[in-house]
Each structure stands twice: as structure tokens, then as C-alpha cells.
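In case you want the letters, here they are:
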Amino acid sequence: MTQSDLSKQPVAPPGAPLVVLSAVNKHYGDLHVLRDIDLTVHAGEVLVVIGPSGSGKSTLCRTINRLETIDSGSITVDGTPLPEEGKALAALRSEVGMVFQSFNLFAHKTILENVTLGPIKVRGRDKAAARTAGLALLERVGIASQADKLPAQLSGGQQQRVAIARALAMEPKVILFDEPTSALDPEMINEVLDVMTQLAKDGMTMVVVTHEMGFARRAADRVVFMDAGQIVEQATPDEFFAHPSSDRAKDFLSKILSH
């Protein structure tokens, strides 16, 4: 086996299968947005999903906690099929954190209240314990000093870091990031990516839809490239960026990396 053959061997996954999508299809009317998606995310893995606009990346991300329903196929989280509705779905969503493009914070609650609401209401945490844990999380994302402010008093980058702390507060098994920096001014992007990079180093299981190629290179265990609703290829960051195997990926990278 040559050295180049060795470089193409799949990297051993960090842990057991945690999120498994099998033969997943999704339509919006006549538009086939997800086409026979087979994908496994392992515990402790950072999976970065990239591709052109309209390729199905965000839809894929949103199916994992059933913000989008699927037409066929199956999705399991830690061995449990996605429930359709009700308490079982709410319980699953407490295991699957989500960070959106728009921060979706409660405007009339303080930063700390935003972070502690889920643990108190959903997990039944004692208020004092939730507050202590919430302050520690705000410290972790670098905004403990803002705990008593309202979201509107914070920058976009700070608000997104609150959203990450809020997701972490539920102690989820996996966190989904749906283009978390796309609504931010350029100078705020790195402060959010730095927090996400640290989470990756800490072993958090993450599925990240992003246009930030630097983050993909730096933090991903695996890069998945999508186009036209399909997974076209997947590889380690080094392999994908140095030697993309499909013409579609080569074309995408030539456009996005030339700027």
C-alpha cells in the first residue's frame, strides 16, 4: 500500500454511532431537497457540512431534531428513532442542541435567564443550581459580565455566544449549528468560531453547516460536501481540501477559496 493509499483510508471515528440517517428523502413540493441521504455521526465527532446554497445542508441539519420532517427513510439519535410529536419529541430535542443563524433569544429575559430557562423548565433543575451552572457556561463562552443584560444590549457575536451557552445548558448529546455565523458582521465571526473550536477540542459532538472554510480545516474531524440534495463526497479536512475527488467539489472550492 502506497503512502497516498494510506492517506485515503477513512479515519477511525471518535466514538460509537450517535446520529444515524438512513435513506432519508425530503421534498418541498416538486423540489427533491434531500436524496437518499446515508450519514452517521459518531460520539465526539465534529462533522462539518459544506456546499453551495440550495444544496440541502440546512434542511439536513434541521431534520436531525425534526424541525423538518422527512418523507422516507429513518433517523435515530443514540439508538432511538425520531419521535413524531408530543413529549417524546420534546425529550429528544432536549438531547439535541440547536444554534441557528438568527439567535432566537427571548428578548425580554436577561442573558442568564435565557440560559437557565431550559434546565429549569425542561430538566426540572433547582433555580440556584441552574443559575450557578448558567454563570459557569457564560464564563466558558466569555460573556459572564453580560449576565444581567437583555439580548438587545449585546452585539450579534455576543448574542450567538449566549445561544451556544443556552444549548450547552441542556447538556445535549449533540449540538447542531445551522450557519451560526452567517448573520454576523465579519469582525464578530471569529469570536463565535473560537468558542466552537474550543467545544470541538473539548469533545462535544457537533454537526456544523457553515461557509467558514477555515473552521472546517481547523476543527472538523470530517467534511461532508453536499450538492443538489446529495452527499457528493466526505473526507478528512486535509484530504478534502487538498484532493477533492469530485468535479463538483473541485469547482466549489476553486470559487470559494479564490476570494
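The model shown is predicted, which means the values in this text are computed figures rather than measured ones.

1. Describing the overall build of the protein
Within the protein, the secondary structure is distributed over ten helices and ten strands. Relative to its length of 259 residues, the protein is compact, with a C-alpha radius of gyration of 19 Å against a globular reference of 18 Å. For the protein, the spread of C-alpha atoms along the principal axes amounts to about 60 × 40 × 40 Å. Taking all 259 residues of the protein together, 49% fall into the buried category. Excluding contacts between residues fewer than 6 apart, the proportion of contacts in the protein whose partners are at least 24 apart in sequence is 67%. Roughly 12,400 Å² of accessible area belongs to the protein as shown, and the carbon and sulfur atoms make up 50% of that amount. Side chains of the protein give 26 positive and 31 negative charges; the mean places of these two sets differ by 5 Å.

2. Digging into the sheet that holds strand E1 (residues 17-28)
Strand order in the open sheet formed by four strands is E2-E1-E4-E5, with antiparallel pairing between adjacent strands. With one partner strand each, in any of the chains shown, strand E2 (31-42) and strand E5 (80-81) form the two edges of the open sheet. In terms of strand pairing, strand E4 (residues 72-77) meets E5 through two bridges, oriented antiparallel. Note on E5: the bridge partner recorded for Val 77 is Thr 80.

3. Observations concerning unusual backbone geometry
Despite not being glycine, Asp 36 shows a phi value in the positive range, around 50 degrees. Backbone geometry places Glu 171, a non-glycine residue, at a positive phi of 50 degrees. Relative to the assigned elements, Glu 171 resides in the loop between helix H6 (156-169) and strand E7 (174-178). With relative accessibility at 54%, the residue Glu 171 sits in the exposed group.

4. Some thoughts on the UniProt feature "domain: ABC transporter" (unreviewed entry) in the protein
The sites that carry the UniProt feature "domain: ABC transporter" (unreviewed entry) are, in the present numbering, residues 19-253. Spanning residues 19-253, this segment combines 39% helix with 26% strand, and its end C-alpha atoms are found 27 Å apart.

5. Considering the environment of Asp 178
Position of Asp 178 among the secondary structure elements: in strand E7. Residues Asp 178 and Val 207 lie 29 residues apart in sequence; the distance between their C-alpha atoms is 8.4 Å. The contact partners of Asp 178, leaving out residues within four places of it in the chain, are Ser 58, Cys 61, Arg 62, Met 98, Val 99, Phe 100, Gln 101 and Val 209. At a separation of 2.5 Å, a polar atom in the side chain of Asp 178 contacts the side chain of Ser 58.

6. With respect to the nonpolar core
Ranked by internal contacts, the top residues of the largest apolar core, which has 49 residues, are Ile 164, Phe 177, Met 196, Met 206 and Phe 240. The dominant element in this core, judged by the number of residues it contributes, is helix H7 (residues 186-201), at eight residues. Filtering out sequence-adjacent residues up to four positions away, Met 196 remains in contact with Ile 164, Phe 177, Pro 180, Met 206, Val 208 and Phe 215. Of all hydrophobic cores here, the second largest spans 27 residues; its members include Leu 18, Val 19, Cys 61 and Met 226.

7. Overview of the sheet that holds strand E10 (residues 230-235)
Taken in spatial order, the six strands make up an open sheet running E6-E7-E8-E3-E9-E10, and their pairing is mixed. The open sheet is flanked by strand E6 (96-99) and E10, the only strands paired with a single partner. Averaged over all adjacent pairs, the angle separating strand axes in this sheet is 20 degrees, with direction ignored. Alignment of E7 against strand E8 (residues 206-209), held across four bridges, turns out to be parallel. Bridge pairing links Asp 178 to Val 209 in E8. Lying over the sheet, H6 contacts E6 and E7, oriented at roughly 175 degrees with respect to E6.

8. A word on the side chain of Lys 57
Within the secondary structure, Lys 57 is located in helix H2 (residues 57-63). Although buried, Lys 57 forms no salt bridge, and the nearest oppositely charged side chain, Glu 179, lies 4.2 Å from it. Other than its neighbours up to four places away in sequence, Lys 57 contacts Val 49, Ile 50, Gly 51, Pro 52, Glu 179, Val 209, His 211 and Met 226.

9. A closer look at the pattern of salt bridges
Pairs may arise between side chains of opposite charge once their charged atoms sit close together. On inspection of all chains with the given rule, the structure shows ten salt bridges. A salt bridge links Asp 227 to Arg 248; the nearest nitrogen and oxygen atoms lie 3.5 Å apart. Linking Asp 227 in strand E9 (residues 222-227) with Arg 248 in helix H10 (residues 247-256), this pair joins segments that are 21 residues apart in sequence. Classification of Arg 248 by relative accessible area gives partly exposed; the value is 38%. Via salt bridges that share partners, Lys 26, Arg 62 and Glu 68 belong to a single interconnected network.

Procedures and definitions
- Residues numbered from 1 in each chain as written.
- Predicted model: local features only at pLDDT ≥ 70, side-chain atom pairs only at ≥ 80, totals over all residues.
- Heavy atoms only, no water.
- Helix = DSSP H or I, 4+ residues; strand = E, 2+ residues; numbered from the N terminus.
- Rg over C-alpha atoms; globule rule 2.2 N^0.38 Å.
- Buried < 20%, exposed > 50% of the residue type's maximum accessible area, 1.4 Å probe, protein only.
- Contact = heavy atoms within 4.5 Å.
- Areas by Shrake-Rupley, 256 points an atom, 1.4 Å probe, with all protein chains shown as cover.
- Lys, Arg positive; Asp, Glu negative; His and termini not counted.
- Charge placed at Lys NZ, Arg CZ, Asp CG, Glu CD.
- Pairing = 2+ DSSP bridges.
- UniProt positions renumbered as here; feature names shortened; annotations may be inferred.
- Polar contact = N/O pair within 3.5 Å; in protein donor to acceptor, adjacent residues only side chain to side chain.
- Core = buried A, V, L, I, M, F, W, Y, C linked by side-chain atoms within 4.5 Å.
- Axes fitted to C-alpha atoms, helices over the stretch in contact; angles between N-to-C directions.
- Salt bridge = Lys/Arg side-chain N within 4 Å of Asp/Glu carboxyl O.

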